[in-house]
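# Analysis of the macromolecular model
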Amino acid sequence: MIKKETWQIALEALLANKVKAVLTMLGVTIGATCIILVVTVSMIGKNYVMAQIEAVGTDIVYAYFPGNHLSRSRTDEISLADLVAARSLPHVVEVAGVHDIGNSNIVINGAEKSVTLVGVTEGFQKIRNLVIVQGRFFDDMDIDSSAKACLITQDLAKALNRDMVGEVIRVGDLRFTVVGIFRERVATFGQSEISQESVLVPFSLLKYYQGIDFFRTLYVQADSHENVSLVTAELKVMLQSRHRTGISYSVENLAGILEAAHKIALTLTWMLLLVSCIVLLISGVGIMNIMLVTVTERTREIGLRKAVGANRREILFQFLLEAVLISGLGAIFGVLVAMCIKMVGEYLIPVEYNVHIPISMASIVVAFFVSCSTGVLFGYLPANRASRMQPTEALHHE
C-alpha cells in the first residue's frame, strides 16, 4: 500500500516543476491521441468499404458461362428454365437474369448515341439495389407483355440534357418509351453489365424481337450472409446437372472481397498502431530523461528523506508515482483531444452525408493502459537509481 505522504510528495514535486511536467506529458498525450485516432480511422475506412460492398449486395451469388465462342453451344447457355430452377433452391429469396448487348445505337430527336442495351428480369432492381431517380422500374405488366418500355442511367439522362421520362427513343427498328431514370447505389464503373450510359429493357422483349433466350449472368440472392456459401455451391451443382457433362460454370459471390477488405483493414490498423506505439516509445524515453535529471537535481532531498527514516521502497514508489502521474494525465488529455477531434469532425461534415465518427472504448482503454505502462517502464530506472542512493553520499552532493 502506498502511503498518503508518498502521494503528496509526488504531487508537490510535479507542481513545483509545472512546465517540465507539461512538456514531458505532451509526448504521451500525442501518443495516446494517435492510438485512438488510428483505430477510429481504421473503423471509418472498414465501415465505408463494408457499406460499399453491402450496397452492391453481400448476399448475392452470380453465375455465368465462361466458355469461348468456338466451343460453346446454345444449349450450354444459362436459360430461363435455369432461372426458374434457381428460384426453387433452398435459402434463395430472389433471382434475376441479365443479357447485355454492347455498342447499341439509340436515336432521339435525330441524334444518335452509343449505349449498352441490357435486358433484365423483374428481380433485377432488388438484387442490384438500383436507385430510381425519376419515374419507375418495370412492373409485372411490362415484363409479361414485353412492353416497349425502358429505363436509362442518370449519366445518360444528363448527357441528353433534358427531362427524359415519357420521351421515345429508337433502338434499331424498335421504339421505347422511357419510364424511369436510375443509377447504381454504388458505381461499378462499367465492371458489371451496367455502364455509365446504359438502357434497361424487359428481357422478354429481347427474346421476342431478337430471339435471345439465354442470360449472360444469372443473379441469385441468399436469405442471409451465412447461407451465401451454401447457395453458391447449390447453384453450381444445379447448373452442372441441367447441362451436358464436361461444361463448367463460374459461380461466385462477394464473400472473398469482404474477407479481403477485413484483412486489409486489420493490416492497416496494426501498421498504424505500430507507428503510434513508436510515438509513445519516444515519449517514454523523454520521461526517463526528465526523471533522471530530476533525480540528480533532488539528490540532497533524497538523502534527507532517507536520513529521517524513509526506506528504499518509499523512495522508489515516490519517483514511480511521478512518472505514472505524468503518463496517466497525458493519456487522459490524449483521450480528451481525440474526443474533441471527433466532435469537431462531425460538426464540419455536412449533415446530408450522415457520417458518424466512431470512437472505440477498447482503443481508449488500450491508450490509457499503454501510456501508464510506458510511465512505469521508463520511470523505473530513475526511481530505482534514486532508491539505491546512500544517505551520507546524497547529503554531501553539491
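Residues numbered from 1 in each chain as written. Predicted model: local features only at pLDDT ≥ 70, side-chain atom pairs only at ≥ 80, totals over all residues. Heavy atoms only, no water.

## What to know about helix H3 (residues 80-87)
Inclusion rule: The classification of residues rests on relative accessible area computed with a 1.4 Å probe and restricted to protein chains. Under 20% of the type maximum is buried, over 50% is exposed, and intermediate values are partly exposed. The helix and strand labels rest on DSSP assignments: H or I over at least four residues marks a helix, E over at least two residues marks a strand, and numbering proceeds from the N terminus. The arc refers to the directions leading from the helix axis to the C-beta atoms. Two residues qualify as a contact provided that any one of their heavy atoms is within 4.5 Å of a heavy atom in the partner residue.
Those residues of H3 that sit buried are Asp 82, Leu 83, Ala 85 and Ala 86. Down the axis of H3, the buried side of the element spans an arc of 165°, and every buried residue falls inside it. Check the buried side of H3 and you find it contacts strand S2 (78-79), strand S3 (92-108), strand S10 (214-215), strand S11 (217-222) and helix H8 (228-242).

## As for the packing of helix H9 (residues 255-297) against helix H11 (residues 312-348)
Quick note on the threshold: In this description, a line fitted to the C-alpha atoms serves as the axis of each element, helices being fitted only across the stretch in contact, and the angle between N-to-C directions of two axes falls anywhere from 0 to 180 degrees. Handedness of a crossing follows from how the near helix is turned relative to the far one, being left-handed for an anticlockwise turn of less than a right angle and right-handed for a clockwise one. Any residue that is not Ala, Val, Leu, Ile, Met, Phe, Trp, Tyr, Cys, Pro, Asp, Glu, Lys or Arg is counted as polar, Gly included; the first ten are nonpolar and the last four charged.
Axis separation between H9 and H11 bottoms out at 11 Å; the angle between their running directions is 145°. The hand of the H9/H11 crossing is right-handed. Where H9 approaches H11, its residues Ile 287, Met 291, Thr 294 and Val 295 are matched on the opposing element by Phe 319, Glu 322, Ala 323, Ile 326 and Ser 327. The residue makeup of the contact of H9 with H11, split by class, is six nonpolar, two polar and one charged.

## Side note on the pattern of salt bridges
Formally: Note on definitions: salt bridges are taken to be side-chain nitrogens of Lys or Arg within 4 Å of carboxyl oxygens of Asp or Glu.
Taken as a whole, this structure holds ten salt bridges when the rule is applied. In this structure, Arg 242 and Asp 82 form a salt bridge, with 2.6 Å as the shortest nitrogen-oxygen distance. In this pair, Arg 242 is assigned in helix H8 and Asp 82 in helix H3, connecting sequence segments 160 residues apart. Of the residues examined, Arg 242 reaches a relative accessible area of 39% and is grouped as partly exposed.

## So, empty space enclosed by the protein
Where empty space is left can be seen by rolling a probe of water-molecule size over the atoms. Worth spelling out the cut-off: Every definition here rests on a 1 Å grid over the protein atoms only: cavities are sets of points where a 1.4 Å probe fits but cannot get out, pockets are open sets enclosed by protein on both sides within 12 Å along at least five of seven lines, and lining residues have some atom within 4 Å of a point. Grid points are joined across faces, edges and corners, and a volume is the space filled by probe spheres set on the points.
Tallying each qualifying case throughout the model produces three cavities of 30 Å³ or more. The volume enclosed by the largest cavity comes to roughly 100 Å³. Taken together, Ala 13, Leu 14, Asn 17, Lys 20, Ala 21, Ile 290, Met 291, Thr 294, Arg 298, Glu 322 and Ile 326 form the lining of the largest cavity. Among the elements that take part in the lining of the largest cavity, H9 stands out by supplying three residues, more than any other. Partitioned by chemical class, the residues of the lining of the largest cavity number six nonpolar, two polar and three charged.

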